[in-house]
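What follows is each chain in one-letter form.
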Number of protein chains: 2
Amino acid sequence: MTSGRTGAVRITDVAALAGVSPGTASKALNDTGQLRAETRERVRRAAEQLGFTPDGRGRALSSGRSYTVGLITTDSSGRFSIPIMLGAEDALSAGEMALLLCDTRDDPVREQHYVRTLLARGVDGIIVTGRRTEPRAPIKVPIPVVYAFSSSTDPADASVVVDDHGGATSAVGHLLDIGRTAIAHVTGPERHRSAVERARAATGTAGAAFRGPALYGEWSERWGRAAVDLLLRAHPDLDAVSCGSDQIARGVCERLRELGRRIPDDVAVTGYDNWDVMALACRPSLTTVDLELEELGRRAAGMLLDAVAGRPHRGTLEMPTRLVIRASTLPD
Amino acid sequence: MTSGRTGAVRITDVAALAGVSPGTASKALNDTGQLRAETRERVRRAAEQLGFTPDGRGRALSSGRSYTVGLITTDSSGRFSIPIMLGAEDALSAGEMALLLCDTRDDPVREQHYVRTLLARGVDGIIVTGRRTEPRAPIKVPIPVVYAFSSSTDPADASVVVDDHGGATSAVGHLLDIGRTAIAHVTGPERHRSAVERARAATGTAGAAFRGPALYGEWSERWGRAAVDLLLRAHPDLDAVSCGSDQIARGVCERLRELGRRIPDDVAVTGYDNWDVMALACRPSLTTVDLELEELGRRAAGMLLDAVAGRPHRGTLEMPTRLVIRASTLPD
């Protein structure tokens, strides 16, 4: 919020005075591109006249990189926001940009505050992300915004989200492919959109093989363990469990093993998230759905760059997940 | 690197001209503290003479908030850097500041690049953190730096680190307190300073009760499981295992349970990190050492504020850990 930065002359001002496009002005000041010497000179004079200095912001506009982008997140654990941030960094730069990461701790007042802070610091755009897939109220700012992971409730905004329906469909489709005929689904709280979406996709995909109802509980290993006892009582023929998270799947595997069921021979198990500390430590290692969050971050940042360059996107883009097949379903 | 900021008169300049300390100069200009009217007047005249303006940076110095601080990290998982960031945010603001988080992915070239980027954006100071406790080479910048979690190899720099020796001592001391007399230690790779420090503290604290040697391996549940078999063969009287991480401790508990050993009745187990997804999901839940990383972040940010205000700290401050007692050691 230095006054020098807020009031800075922009390259668009220089371009207007010189009567050229901003791109041409940028090339002229950077000695790149093929321009007539006279054009180059005219731009330089305009820059001098306006006191244009190639500061952080000016360089960004002229070189097409070096943006500053705010990343607003509610995900204090970083489990979802960190991979999204890494992907965004990839897209925004060959290392020339900076991400202002702001953690709102799910507090609307804190979020408002950060939005104002980011605006005051002249960021070029904002990526809004979170740890839940529920659509969220848009932020009101005069600069480009892209919503990642949680879409905006305004359909005209640009959002990039995970295709949860496709993810759960791929997991259950895989269970059918390996010949399972009695498939249950165990997931998180019914008030979470991600749980409901995954359960619907699992139910629909399993069809006649579905052993319902889908069991809603919490996102924990403990719930996975408890669910196994419920399932085996209700469905003695059970030969597969599709889970709404890797934590749940790990609990399911642990309890099945305790009860002497072989995985996957007797019961195959799938997780969701591809969270390494769960999916790889699980015995056996988990077949699971990777959310491809880095790719989601790259895409969100790419859309933000487009918007900053005057080509905004609209609507919600669903990004494909990736099924990772491991020992918990690998048929013998 | 807006020219306005780079060339700005600093409060240290005002202090020098007035012949007082920067702290006194700050108090004088802010009408705080107990100063003689004459001193206050002298500082004001010096400020006027030098054209000292309470701009972004000046305001920060005067109000104690509104800083921009860079946080450079090598911790792509966010497991260590996110809590440090949250603590730093607390200390730096009542929500008025922004943290520029830059992830170097452990790449020196990328780190150099980010350092330049942060300087160009005029941050007031930099916190350098990482995911390893090894001292690291200092960054060379003309603004205040505080090293958090990983200290600087230059003892004149300001560093805040976890007291790993104290942490491991508290865990093993607790095992002695509950009457254990045959205590082993299982930890990560011997090339990691944190593993060696914790092993040394465990060995020293256990004294005659130590069943050595300390077992070095990897930071994984799998290693914890494997270590149990080695330990029980070597020390049939084993009644406690102190572990270098919660992941290792979880593997230790899992294998002990498989072998029919009761925890803690037959063998008590302690972890390290207080990583909730491991410590709470473990059966039984883990007694462990909390690194108090948010407090470490708060302290690092506080030291950075002091340095920006002209009162730099020097040397390495070791922050205490906190023993969290749960069911894996809770005596009946």
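Residues numbered from 1 in each chain as written. Chains lettered and ligands numbered in written order. Predicted model: local features only at pLDDT ≥ 70, side-chain atom pairs only at ≥ 80, totals over all residues. Heavy atoms only, no water.

Focus on the overall build of chain A
Reasoning step 1: Looking only at helices and strands, chain A has 13 helices and twelve strands in total.
Reasoning step 2: Evaluated residue by residue, chain A yields a buried proportion of 56% over its 332 residues.
Reasoning step 3: Within chain A, contacts between residues separated by at least 24 positions form 69% of all contacts whose residues are at least 6 apart in sequence.
Reasoning step 4: By element, 51% of the accessible surface of chain A is carried by carbon and sulfur atoms, the whole surface being about 13,500 Å². (Helix = DSSP H or I, 4+ residues; strand = E, 2+ residues; numbered from the N terminus. Buried < 20%, exposed > 50% of the residue type's maximum accessible area, 1.4 Å probe, protein only. Contact = heavy atoms within 4.5 Å. Areas by Shrake-Rupley, 256 points an atom, 1.4 Å probe, with all protein chains shown as cover.)

Notes on the pairing of strand 4 (residues 145-148) of chain A
Residue and element names in this part refer to chain A.
Reasoning step 1: Burial of the side chains of strand 4 extends over both faces: V145 and Y147 are buried on one face and V146 and A148 on the other.
Reasoning step 2: Relative to strand 4, strand 3 (residues 125-129) is paired through four bridges, and the arrangement is parallel. Directly across from I127, in strand 4, lies its bridge partner V146.
Reasoning step 3: When strand 4 meets strand 5 (residues 158-162), the two strands line up parallel, connected through three bridges. Residue pairing for strand 5: V146 is matched across the bridge by A158. (Pairing = 2+ DSSP bridges.)

Some details on unusual backbone geometry
Reasoning step 1: Note the cis peptide between I263 of chain A and P264 of chain A, where omega equals 5°.
Reasoning step 2: Inspection of the secondary structure puts P264 of chain A in the loop between helix 11 (246-258) and strand 9 (268-270).
Reasoning step 3: Note the cis peptide between R283 of chain A and P284 of chain A, where omega equals -10°.
Reasoning step 4: In this model, D273 of chain A sits at a positive phi of 125°, which is unusual for a non-glycine residue.
Reasoning step 5: Relative to the assigned elements, D273 of chain A resides in the loop between strand 9 and helix 12 (276-279).
Reasoning step 6: On the basis of relative accessibility, which here comes to 15%, the residue D273 of chain A falls in the buried class.
Reasoning step 7: Of note, F149 of chain B is a non-glycine position whose phi angle comes to about 80°, a positive value.

So, the sheet that holds strand 6 (residues 183-187) of chain A
Residue and element names in this part refer to chain A.
Reasoning step 1: One open sheet accounts for four strands, arranged 7-6-8-9; its pairing is parallel. At either end of the open sheet lies a strand with only one pairing partner, and these are strand 7 (215-216) and strand 9.
Reasoning step 2: Bridging between strand 8 (residues 240-243) and strand 9 involves three bridges; their strand directions are parallel. Looking across to strand 9, one finds that V241 is bridged to V269.
Reasoning step 3: The strands that helix 8 (residues 164-177) touches are strand 6, strand 8 and strand 9; relative to strand 8, the one it contacts most, it runs at about 170°. (Axes fitted to C-alpha atoms, helices over the stretch in contact; angles between N-to-C directions.)

Focus on the packing of helix 10 (residues 221-234) of chain B against helix 11 (residues 246-258) of chain B
The angle between the axes and the distance between the axes are what describe a pair of packed helices.
All names here are of chain B.
Reasoning step 1: In contact at an axis separation of 6 Å, helix 10 and helix 11 are set at 50° when each is read in the N-to-C sense. In terms of axis orientation, helix 10 runs oblique to helix 11. When you trace helix 10 past helix 11, the crossing you get is right-handed. Between helix 10 and helix 11, the residues in contact are E221, W223, G224, R225, V228, D229 and L232 and Q247, I248, R250, G251, V252, E254, R255 and L256, respectively. (Parallel < 35°, antiparallel > 145°, perpendicular 65-115°, else oblique. Left-handed = near helix turned anticlockwise from the far one by under 90°.)

So, to be careful, I would describe these as geometric facts and stop short of saying anything about function.
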